[in-house]
Amino acid sequence: ENVADSVFMVKPTGFTSNLETMQDNKFMGELEEPMSSEELKAVVMSEWQTLVSALEAAGVEVLTAEAQGLPDEVFPNNWFSTHSDGRIVLYPMKVPSRAAEVRTDIIETVRRKFGLVEPIYDMTPWAKSGVALEGTGSLVLDRHKKQAYLASSQRADRNLAQIWAKELGYDLVCFSSRDRHGQEIYHTNVLMSVNSNFAVVCPSAIPDPQELKAVYDALRRSHKVVVNVTMEQLENFACNCLQLRGSKGSVLAISEAGWRSLDDSQRGVLESCVDQVVRASVPTLERIGGGSVRCMVAELFKRRGQVEDSKRGLNCCESEHGRLELVIVHEPGLEVDAVMPWTLDTMKVDECFNRVHLKSQHRDFTSLLKGRGAQVVHVRDLLIEVSHQGEEVRRDLFESVWGKDFVDGHNLANLQVDQLITGFSRESLQFEQPPLMNLFFMRDPVFSVPGGWVVIARPFFPIRHQESRLLRAIFRLHPSLKDVKVYEGLVDDPEVTIEGGDILVADSETVLVGVSQRTNEKGADKLAKFLFENTPVQRVVKVFIPKQRAFMHLDTLFTFLDRATVLTMPYFWSKPEIYAEVARRANLLNEKMGSDQRQNVEEWVKEPPRIEVLFKGDPIPKKYKHAMTGLQAEGVIDQAYFVCGAEGSWPSAEAHVAAALTEQWNDAANVFCLAPGTVVAYKWCTRTIAHLQDNGVDVLELDGVELMKGRGGARCMTFPMRRSLSLEV
């Protein structure tokens, strides 16, 4: 439960100025030019239909109902809310005309359509006691984090909100509010909007500094991008907006007046957080009704599958293709300045970076993730939060990464958390502790496996071992992560090398492990033993690939697009002799050009790609000489698409492989799945993108020329901790 893809709206056929609600809704007013009741009805129906049509055009499902003739029925979010635990909540309204909006026919229709079979939580009897709690007007919900915000008012009783929060399992942040005249603001959703990855807040509407701090602390803990607005923008309903999910990604629904009141910077931030902004002009409804777009829609959530979010825990990755919900990344920073022509081999990269462009492109990448509803957490933020727990924890953090002797030899107060990533040096390139240049490839030092486990890896190159120590310390010390189950049996084993780029979770019972340049067979076997003993995994597929830099990890040539659907290299698995022939031709060309660069032709013939399938409780693996045939026989793959196009679509197989190797060098095969059939890919890989799009794959193109210099793609840059289960929406 996070972002709704369906909403409920009521036609405003009885809409008029409500004298009962005008007493405390100071946003209600009179029109500059009076209208007859028929004229008013026509105008507001047109405005209402504009919003309905705009939402439907964005792919949001809109359920509508005829009105009973009440003045405020157009604002249905106040009297009921739906929840993915299968419940509908009915709320006590402040005035009788609004209490009359509650309708059993609507309740039963919504329950039946969305599978909301749990008993209704009916709070309406509280109205007899003279208290009110007007739905998601009074309660602004961060459904994913189970956090509710409430500006107390005549329509939002604090004590009643506490009862609601206890029943629904939410944490509650309460505060007082004031408009520019010092009057209480009637509904919370007029002064703030909290969505999956961003929030819009008017800080001047929360006069108490401690209460304002509590609001921002809660938003910070949930890693929201916060857009602050002025009181004037609030009065134009800039905060009365809502994130929804359309057919092509996330949607921000907001009124034309609210959107126009924002400046270019504010609009730019919001546009980066969603895929589409839906603006609807509803000035008459705003002026007379005192509410805007968010008030006009009630979110509709289907009942979640048998396993609910709250039971799955923070870490839950049962596949490569489930909708991405939580991912950890690292935005590259000063550490990349240590890359210069004389340190390229040490840093394991091929080119120097332009740090400004590198950071900008990485931010574009994380914006794509946020725009599809994922919560994006940065390593640097986690480190800062760990260090804020006090000197003892701070010392533990530094000693865990750099060692006790080093920390004792330096003044802890002079050590900066950022230096754990950028390195510790007193002069340029004179590092006493190395920079973690490759940390923005978050996939390798740590990875998730079924059963809610995080595994700390042991990278192939010693320069990356410190990344694993850093991540291990974060999971042990961060208050939000220390309860996650962490397996550390690989990180200190000198006989093991294993990196997350070689680990692909096909489903909750199947894990693929590449035996590659970076992961050895001992690492694969030790991981398999752990998985069989501690997780639901029933089989581990060891995938043996050539030990070449071009194919350093399994995910450099093989990634999932959807369940049992993959993107991979053409002929790589079925006809490795074609690669041998391309290598032979390249060697001849290099020789003619006077170069000593050579490819190992024999490796493709003597050690072609193959797989071994290990089964829980069976000591004898099943071996397949032809890897793709084996993966298909085991039901791991049903459909494969290929870099640079379908096999047989080129004049010759050799021409196809040569082109594919060129795009694959820039990570054409290393796409990152955000949801079934939706992936992120570097836009440079044009032939591959066209092939995927021709076959119905939704490709989000990332302009990452600077990122590509590190020889890692979209999947390499992510550590997903949480994906939805396959039956969840």
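These notes cover the structure that comes with them. (Residues numbered from 1 in each chain as written. Predicted model: local features only at pLDDT ≥ 70, side-chain atom pairs only at ≥ 80, totals over all residues. Heavy atoms only, no water.)

**Comments concerning the overall build of the protein chain**
When helices and strands are tallied, the protein chain shows 26 helices and 34 strands. At 28 Å, the protein chain has a C-alpha radius of gyration in line with the 27 Å of a compact globule built from 729 residues. Considering only C-alpha atoms, the protein chain reaches an extent of 90 × 65 × 50 Å along its principal axes. For the protein chain, buried positions account for 60% of its 729 residues. Taking all contacts inside the protein chain whose residues are at least 6 apart in sequence as the whole, residues at least 24 apart take part in 72%. Counting every atom, the protein chain has about 28600 Å² of accessible surface; 49% of that belongs to carbon and sulfur. Each charge class in the protein chain can be summarised by its mean position, and for the 82 positive and 100 negative side chains these summaries are 3 Å apart. (Helix = DSSP H or I, 4+ residues; strand = E, 2+ residues; numbered from the N terminus. Rg over C-alpha atoms; globule rule 2.2 N^0.38 Å. Buried < 20%, exposed > 50% of the residue type's maximum accessible area, 1.4 Å probe, protein only. Contact = heavy atoms within 4.5 Å. Areas by Shrake-Rupley, 256 points an atom, 1.4 Å probe, with all protein chains shown as cover. Lys, Arg positive; Asp, Glu negative; His and termini not counted. Charge placed at Lys NZ, Arg CZ, Asp CG, Glu CD.)

**Observations regarding the packing of helix H15 (residues 379–387) against helix H19 (residues 465–477)**
At their nearest, the axes of H15 and H19 sit 10 Å apart, and the two run at 50° to each other. Relative to H19, the element H15 lies oblique. H15 and H19 meet at a crossing whose hand is left-handed. Here Val379, Leu382, Leu383 and Val386 of H15 come into contact with H19, specifically with Leu470, Ile474 and Leu477. A per-class count over the contact of H15 with H19 returns 7 nonpolar, no polar and no charged. (Axes fitted to C-alpha atoms, helices over the stretch in contact; angles between N-to-C directions. Parallel < 35°, antiparallel > 145°, perpendicular 65-115°, else oblique. Left-handed = near helix turned anticlockwise from the far one by under 90°. Nonpolar A, V, L, I, M, F, W, Y, C, P; charged D, E, K, R; others polar.)

**Side note on the sheet that holds strand E13 (residues 249–255)**
What the 3 strands build is an open sheet, ordered E12-E13-E14; its pairing is mixed. A strand with exactly one partner marks an edge of an open sheet, and here the two such strands are strand E12 (242–246) and strand E14 (276–280). For this sheet the average axis-to-axis angle between neighbouring strands, irrespective of direction, equals 35°. Relative to E13, E12 runs antiparallel, the two being bridged by 5 bridges. The partner of Arg245 across the bridge, within E13, is Ser250. Sheet strands in contact with helix H1 (residues 37–57) are E12, E13 and E14, and its direction is about 165° off that of E14. (Pairing = 2+ DSSP bridges.)

**Overview of the sheet that holds strand E34 (residues 719–723)**
Here 3 strands make up an open sheet; going across it, the order is E17-E16-E34 and the pairing mixed. Edge positions in the sheet fall to strand E17 (375–378) and E34, since each has one partner strand and no second. Averaged over all adjacent pairs, the angle separating strand axes in this sheet is 20°, with direction ignored. Pairing geometry for strand E16 (residues 324–329) and E17, over 4 bridges, is parallel.

**With respect to the nonpolar core**
If you look at the biggest cluster of nonpolar residues, it comprises 80 residues, and the most contacted ones within it are Leu369, Leu512, Leu554, Leu557, Phe558, Phe572 and Trp573. Leaving out residues up to four positions away in the same chain, Leu554 has contacts with Gly501, Asp502, Leu504, Leu512, Val513, Gly514, Val543, Ile545 and Trp573. If you look at the next biggest cluster of nonpolar residues, it comprises 69 residues, including Ala54, Cys202, Val293 and Val297. (Core = buried A, V, L, I, M, F, W, Y, C linked by side-chain atoms within 4.5 Å.)

**With respect to the packing of helix H16 (residues 391–402) against H19**
It is at 8 Å that the axes of H16 and H19 come closest, and there the two elements cross at 155°. Classed by the angle they form, the pair H16 and H19 counts as roughly antiparallel. Crossing of H16 over H19 shows right-handed handedness. On H19, the residues that touch Val393, Asp396, Leu397, Ser400, Val401 and Trp402 of H16 are Gln466, Arg469, Leu470, Ala473, Arg476 and Leu477. For the contact of H16 with H19, the residue count by class is 7 nonpolar, 2 polar and 3 charged.

**Some thoughts on the pairing of strand E23 (residues 503–507)**
Burial within E23 is extensive, with 4 of its 5 residues counted as buried. Judged from the 4 bridges that link them, E23 and strand E24 (residues 510–515) form a sheet pairing that is antiparallel. Bridging from a neighbouring strand, Ile503 pairs with Val513 of E24. As consecutive antiparallel partners, E23 and E24 are separated by 2 residues.

**Points about the side chain of Thr718**
Relative to the helices and strands, Thr718 resides in the loop between helix H26 (705–708) and E34. If near-sequence neighbours (up to four positions away) are discounted, Thr718 is found in contact with Val327, Ile328, Phe365, Leu369, Met442, Arg443 and Phe672.

**Some thoughts on empty space enclosed by the protein**
If a probe the size of a water molecule is rolled over the atoms, the empty space left behind becomes visible. Under the criterion given, the structure shown has 8 cavities of 30 Å³ or more. If you add up the space inside the largest cavity, you get close to 190 Å³. Lining the largest cavity are 20 residues, with Leu141, Val194, Asn195, Leu242 and Glu299 positioned closest to its centre. Mapped onto the lining of the largest cavity, the elements with two or more residues apiece are strand E6 (139–142), strand E9 (192–194) and E12. Examining the composition of the lining of the largest cavity, we find that 4 residues originate from one element, E6, more than from any other. For the lining of the largest cavity, the residue count by class is 8 nonpolar, 8 polar and 4 charged. (1 Å grid on protein atoms, 1.4 Å probe; cavity = no way out; pocket = protein on both sides within 12 Å on 5 of 7 lines; lining within 4 Å. Points joined across faces, edges and corners; volume = space filled by probe spheres on them.)

**Considering the pattern of salt bridges**
Overall, the coordinates contain 57 salt bridges when judged by the stated rule. Where Asp396 meets Arg476, a salt bridge forms, and the shortest distance between an N and an O atom there is 2.8 Å. Remark: Arg476 occurs in helix H19 and Asp396 occurs in helix H16; sequence separation between them is 80 residues. Between Lys526 and Asp493 there is a salt bridge, with the nearest N and O atoms lying 2.7 Å from each other. On the criterion of sequence distance, the pair formed by Lys526 in helix H20 (residues 521–534) and Asp493 in the loop between strand E22 (485–487) and E23 is long-range, its members being 33 residues apart. Since its relative accessible area comes to 28%, Lys526 is described here as partly exposed. Overall, the relative accessible area of 16% leaves Asp493 in the buried class. Salt bridges sharing common partners tie together Glu521, Asp525, Lys542, Arg610, Glu612 and Lys623. (Salt bridge = Lys/Arg side-chain N within 4 Å of Asp/Glu carboxyl O.)

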